[in-house]
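Below, each chain spelled out in residue letters.
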Amino acid sequence: MIGPLMPSPIGHALGGVAAVWSADLVVPRPRERGRLLLVYIALAAAPDLDLFVPGGHRMATHSLFAMLLVFMIAAAVTGQVTRWRTATLCAAAYGSHLLLDWLGADNMPPRGIQLFWPISGRWFISNLDIFRETARQHFLTPAIIRQNAIAVAQEIAIMAPIVALLWWARRRTAKLRIWN
Ligand SMILES: [Zn+2]
């Protein structure tokens, strides 16, 4: 049986931008190129690639261990000057996926994510149901189209104001940096 996605890739993309821009406010310069944002967005959606592994959804790729691995790989492949900053932002983007899944609804047991894989097989979920389930099966039927459209609209309604606020905050600090 294939489990549902919790937030959709759209919700995860917005979550990744929010995480990276939040980290960007606290992790000092140097700033990197804007096109790296696409890498961060890909990382925020990447944990759900485990959908292609039968019976492996929300386990290994949805763990803090995987997040640490992303941090270490990013640190290994990034240039000297921006190394730790880029690695931190990569881990933040990846970690945003775990956070959003934890906050989302999941009605199919085992519910949640295996956050402490491989040490523990326990599944974690907040039960806050902040994000609705999105279905991947029969997704061209009217009922599922409706369910997914509502879920994605809700994701955008929650995440877009957060992303907009962070965009504004970053602009503000960028201006302050110029003046100081
Ligand atoms: Zn996921």
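Up top is the structure.
Residues numbered from 1 in each chain as written. Predicted model: local features only at pLDDT ≥ 70, side-chain atom pairs only at ≥ 80, totals over all residues. Heavy atoms only, no water.

Enquirer: How do you make sense of the overall build of the chain when you look at a structure like this?
Expert: When helices and strands are counted, the chain shows five helices and zero strands. Sequence-ordered secondary structure for the chain, helices as α and strands as β, is α-α-α-α-α. Scaling as 2.2 N^0.38, a compact globule of 180 residues should have a C-alpha radius of gyration of about 16 Å, and the chain matches this with 17 Å. Along the longest, intermediate and shortest principal axes, the C-alpha atoms of the chain span 55 × 35 × 25 Å. Here the contacts in the chain between residues at least 6 apart in sequence split such that 71% fall between residues at least 24 apart. (Helix = DSSP H or I, 4+ residues; strand = E, 2+ residues; numbered from the N terminus. Rg over C-alpha atoms; globule rule 2.2 N^0.38 Å. Contact = heavy atoms within 4.5 Å.)

Enquirer: Help me out: how do you make sense of the coordination of the zinc ion in this one?
Expert: Each donor-metal-donor angle in an ideal tetrahedron of four donors is 109.5 degrees, and each such angle in an ideal octahedron of six donors is either 90 or 180 degrees. Protein coordination at the zinc ion: the donors are Asp48 (OD), His62 (NE2), His97 (NE2) and Asp101 (OD), at 2.0 to 2.2 Å from the metal. Considering all four donor atoms around the zinc ion, the spread of angles at the metal, 90 to 168 degrees, places the coordination shape in the irregular class. When the donors of the zinc ion are listed by position in the chain, the intervening gaps give D-x13-H-x34-H-x3-D. Of this pair, aspartate 48 sits in the loop between α2 (36-45) and α3 (64-77) while aspartate 101 sits in helix α4 (residues 83-103), placing them 53 residues apart in sequence. Residue aspartate 48 is classed as buried on the basis of its relative accessible area, which comes to 10%. (Donors = N, O, S within 2.8 Å, 3.2 Å for Na, K, Ca; no water. Tetrahedral: all angles 85-135°; square planar, octahedral: opposite > 155°, others 65-115°. Buried < 20%, exposed > 50% of the residue type's maximum accessible area, 1.4 Å probe, protein only.)

Enquirer: I keep staring at a nonpolar patch on the surface and nothing clicks. Help me out?
Expert: A grouping of Phe65, Leu68, Leu69, Met72, Ile73, Val77 and Trp117 is seen on the molecular surface, where their side chains present a nonpolar patch of about 670 Å² in accessible area. Position of tryptophan 117 among the secondary structure elements: in the loop between α4 and α5 (142-179). Among the residues examined, tryptophan 117 registers a relative accessible area of 30% and is labelled partly exposed. (Patch = residues over 30% accessible without salt bridge, like charges linked within 9 Å, V, L, I, M, F, W, Y side chains within 5 Å. Areas by Shrake-Rupley, 256 points an atom, 1.4 Å probe, with all protein chains shown as cover. Salt bridge = Lys/Arg side-chain N within 4 Å of Asp/Glu carboxyl O.)

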